[in-house]
Amino acid sequence: MATDVNFGQQQYFGFDPRMIPGCVLWLDGADPTYSTPPANNTIISTWFDKSGRANNATGYNNPNYISNAINTVGGISLTSSQHFRATPVSFLTSNSMTTFAVATTTATLPRSGSDQRLVSFSTNSATADWNNTASVIALFNQGGSSTIGTYRNAWIASNAIAQNTPFMAVSLYDGANGFVFFNGSAGSFTGTASSGNFNVGAYAIGNQAANTTEYWNGFVGEVITYNRNLSSNERQ
């Protein structure tokens, strides 16, 4: 039976990511327009943030909605140079964060050539996401690898992925260390020390926030970010 939860003027039925405190970004691939799900193959010019913070992302090069993208559920298709970017945003200035993503890559693995960015956070749209601790590659597939991982001024954690196989990956930073969880379990390369405050002013889905050519190829079902490290119970 669905649980009815009322927070101020917002009412939630069943589980809703906003029921967990600290939700600063919720991109729902099954409901990208935050209204009635669009028709199959609809171009998504704006992916609306459902967290309540209006951190909406602009679509570039005509990303489109697919009604059965991942396990018969709707999601966003990204091929070639299709991606989403958002700037300015201001929602992550603490030393901890948690990012969830449900996705599939259609790229041949191990990936040859450049990285595939799934979720990228940076201080601004002109600053790289990998060489400073204020930014973070929340989730990506590194070139030459068959993994999904997270990188914050150093390689932090990862787990193996397979082509055309849906997964849920989580990157978590608790103020002292960074971790990856994969389909509910700790990643095979579990974690590394990582500290300092984040200062996120831009983000991208399917590319680097600084707009490079490190495009994700595949489908994205959902991206959720919290501005704190979630407990095991909250994460599961």
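Residues numbered from 1 in each chain as written. Predicted model: local features only at pLDDT ≥ 70, side-chain atom pairs only at ≥ 80, totals over all residues. Heavy atoms only, no water.

On to the overall build of the protein, then. Within the protein, the regular secondary structure consists of 1 helix and 18 strands. A compact globule built from 236 residues would reach a C-alpha radius of gyration of about 18 Å, and the protein, at 16 Å, matches this within 12%. Expressed as a percentage of the 236 residues in the protein, the buried residues total 53%. Counting only contacts in the protein whose residues sit at least 6 apart along the sequence, the fraction spanning at least 24 positions is 62%. Here the protein has roughly 9600 Å² of accessible surface; of this, 49% comes from carbon and sulfur atoms. Charge separation in the protein, taken as the distance between the mean sites of 9 positive and 11 negative side-chain charges, equals 4 Å. (Helix = DSSP H or I, 4+ residues; strand = E, 2+ residues; numbered from the N terminus. Rg over C-alpha atoms; globule rule 2.2 N^0.38 Å. Buried < 20%, exposed > 50% of the residue type's maximum accessible area, 1.4 Å probe, protein only. Contact = heavy atoms within 4.5 Å. Areas by Shrake-Rupley, 256 points an atom, 1.4 Å probe, with all protein chains shown as cover. Lys, Arg positive; Asp, Glu negative; His and termini not counted. Charge placed at Lys NZ, Arg CZ, Asp CG, Glu CD.)

What follows covers the side chain of S51. Tracing the sequence through the fold places S51 in the loop between β4 (46-47) and β5 (57-60). Side-chain polar atoms of S51 contact the backbone oxygen of V24, separated by 3.3 Å. Within the local environment of S51, its side chain forms a polar contact with the backbone nitrogen of R53, the two atoms lying 3.2 Å apart. Look past the residues within four positions of S51 in its chain and what remains in contact with it is R18, C23, V24, L25 and W26. (Polar contact = N/O pair within 3.5 Å; in protein donor to acceptor, adjacent residues only side chain to side chain.)

A few words now on the pattern of salt bridges. For the structure shown, the criterion picks out 7 salt bridges. One salt bridge in this structure joins R18 and D16, with 2.7 Å as the shortest N-O distance. In this structure, R18 and D16 share a single accessibility class: buried. Across the pair K50 and D28 runs a salt bridge whose closest N-O atoms are separated by 3.0 Å. (Salt bridge = Lys/Arg side-chain N within 4 Å of Asp/Glu carboxyl O.)

Looking now at the side chain of N159. Tracing the backbone through its elements, the reader meets N159 in strand β13 (residues 155-160). For N159, a relative accessible area of 11% translates into the label buried. A distance of 2.9 Å separates a polar side-chain atom of N159 from the backbone nitrogen of S188.

With that settled, consider the packing of aromatic side chains. Under the criterion given, the structure shown has 12 aromatic pairs. For the pair F140 and Y151, a centre-to-centre distance of 6.4 Å together with 80° between the ring planes defines the contact as edge-to-face. Taken as a pair, F140 in strand β11 (residues 136-141) and Y151 in strand β12 (residues 147-151) lie far apart in primary sequence, 11 residues in all. We classify F140 as buried; its relative accessible area is 1%. We classify Y151 as buried; its relative accessible area is 19%. (Phe/Tyr/Trp six-rings, centres within 6.5 Å; stacked < 30°, edge-to-face > 60°.)

Before going further, it helps to examine the environment of Y215. Relative to the helices and strands, Y215 resides in the loop between β17 (202-205) and β18 (218-226). If we ignore the near neighbours within four places in the chain, the residues touching Y215 are S80, S81, H83, R111, D115, Q116, R117, G206 and N207. In terms of polar contacts, Y215 uses its side chain to reach the backbone carbonyl oxygen of T212, at 3.5 Å.

Another aspect to go through is the pairing of strand β3 (residues 23-28). When you tally the buried positions in β3, you get 6 out of 6 residues, the bulk of the element. For β3 and β18, the ladder comprises 5 bridges, and the chain directions are antiparallel. Note on β18: the bridge partner recorded for C23 is Y226. (Pairing = 2+ DSSP bridges.)

This part is about the pairing of strand β10 (residues 116-122). The buried count for β10 comes to 7 of 7 residues, which makes it a mostly enclosed element. Relative to β11, β10 is paired through 5 bridges, and the arrangement is antiparallel. Along β11, the bridge assignment pairs R117 with F140. Here β10 runs beside β17; their pairing, made up of 4 bridges, is antiparallel. If you follow V119 over to β17, its bridge partner there is I205.

Among the secondary structure elements, G206 is positioned in the loop between β17 and β18. Residue contacts for G206: discarding those within four places in its chain leaves L78, Q82, H83, R117, L118, E214, Y215 and W216.

In short, geometric facts, not functional conclusions.
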